[in-house]
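Geometric and topological summary
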Amino acid sequence: MEASGVTVSDACKTTYEEIKKDKKHRYVIFYIKDERQIDVEVIGARDEEYDAFLQNLQAGGAGECRYGLYDFEYMHQCQGTSESSKKQKLFLMSWCPDTAKVKKKMLYSSSFDALKKSLVGVQKYIQATDLSEASQEAVEEKLRATDRQ
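Notes on the structure in this doc start here. Fair warning: this is a prediction, and the values are worked out from it, not measured in the lab.

Remarks on the pattern of salt bridges
The tally for this structure, following the rule as stated, stands at 16 salt bridges. With its nearest N and O atoms 2.6 Å apart, the salt bridge here joins D147 to K89. Here the residue D147 occupies a position in the segment after α5 (136–144), and K89 occupies one in strand β5 (residues 84–95), the gap between them amounting to 58 residues. One exposure class covers both D147 and K89, and it is buried.

Thoughts on the pairing of strand β2 (residues 25–33)
Judged by how many residues are buried, β2 sits mostly within the fold: seven of nine residues are covered. Sheet topology note: the β2/strand β3 (residues 37–45) ladder contains eight bridges and is antiparallel. Across the sheet, the residue bridging to K33 is Q37, located in β3. Direction of pairing for β2 relative to strand β4 (residues 66–77): antiparallel, over a ladder of four bridges. Within β4, the position partnered with F30 by the bridge is Y67.

As for the packing of aromatic side chains
Counted under the stated rule, the structure contains 15 aromatic pairs. Ring geometry for Y27 against F53: centres 5.3 Å apart, planes inclined by 70°, an arrangement best described as edge-to-face. Remark: F53 occurs in helix α2 (residues 50–57) and Y27 occurs in strand β2; sequence separation between them is 26 residues. Classification of Y27 by relative accessible area gives buried; the value is 0%. You can call F53 buried: its relative accessible area is 0%. For the ring pair Y50 and F72, a centre distance of 6.0 Å and an interplane angle of 85° mean the geometry is edge-to-face. Of this pair, Y50 sits in helix α2 while F72 sits in strand β4; the two residues are 22 residues apart in sequence, bridging distant segments of the chain. Taken together, Y27, Y50, F53, Y70, F72, Y74 and F91 form an aromatic cluster joined through their ring pairs. Here the basic side chain of K116 rests over the ring of Y125, its NZ or CZ set 4.8 Å away from the ring centre.

The rules we used
- Residues numbered from 1 in each chain as written.
- Predicted model: local features only at pLDDT ≥ 70, side-chain atom pairs only at ≥ 80, totals over all residues.
- Heavy atoms only, no water.
- Salt bridge = Lys/Arg side-chain N within 4 Å of Asp/Glu carboxyl O.
- Helix = DSSP H or I, 4+ residues; strand = E, 2+ residues; numbered from the N terminus.
- Buried < 20%, exposed > 50% of the residue type's maximum accessible area, 1.4 Å probe, protein only.
- Pairing = 2+ DSSP bridges.
- Phe/Tyr/Trp six-rings, centres within 6.5 Å; stacked < 30°, edge-to-face > 60°.
- Lys NZ or Arg CZ within 6 Å of the ring centre and 35° of its normal.

See below:
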């Protein structure tokens, strides 16, 4: 139990493992159900693009917050070599648009830690309040910043 009293459902942990270990899905969207439990809302197929992730993240409307976990792939070029390797990083995003109600934003921000603790092995946490922070470019920049040069 976290400060907000919100728990994390087993489905969240199971789906996370399916993405992390088995590479079964590309992403998952989580929401807080009845202000009590974080649960799975949408699971994205492995071949879905980042745009679909963003659409599902915002599907609740301008007044809603969500969490999203995405298995992000990009090419990384090691310095001093012409070789590039494919990198995969899991990130967990807290999506709380400025247009969401204060109470909702507080619930989602106070419950983010509960989700972080449950999903072990996420490489990056991102808090986004608008599309410029949630865009593929912004996310890739944040993930690349964690690469060894």
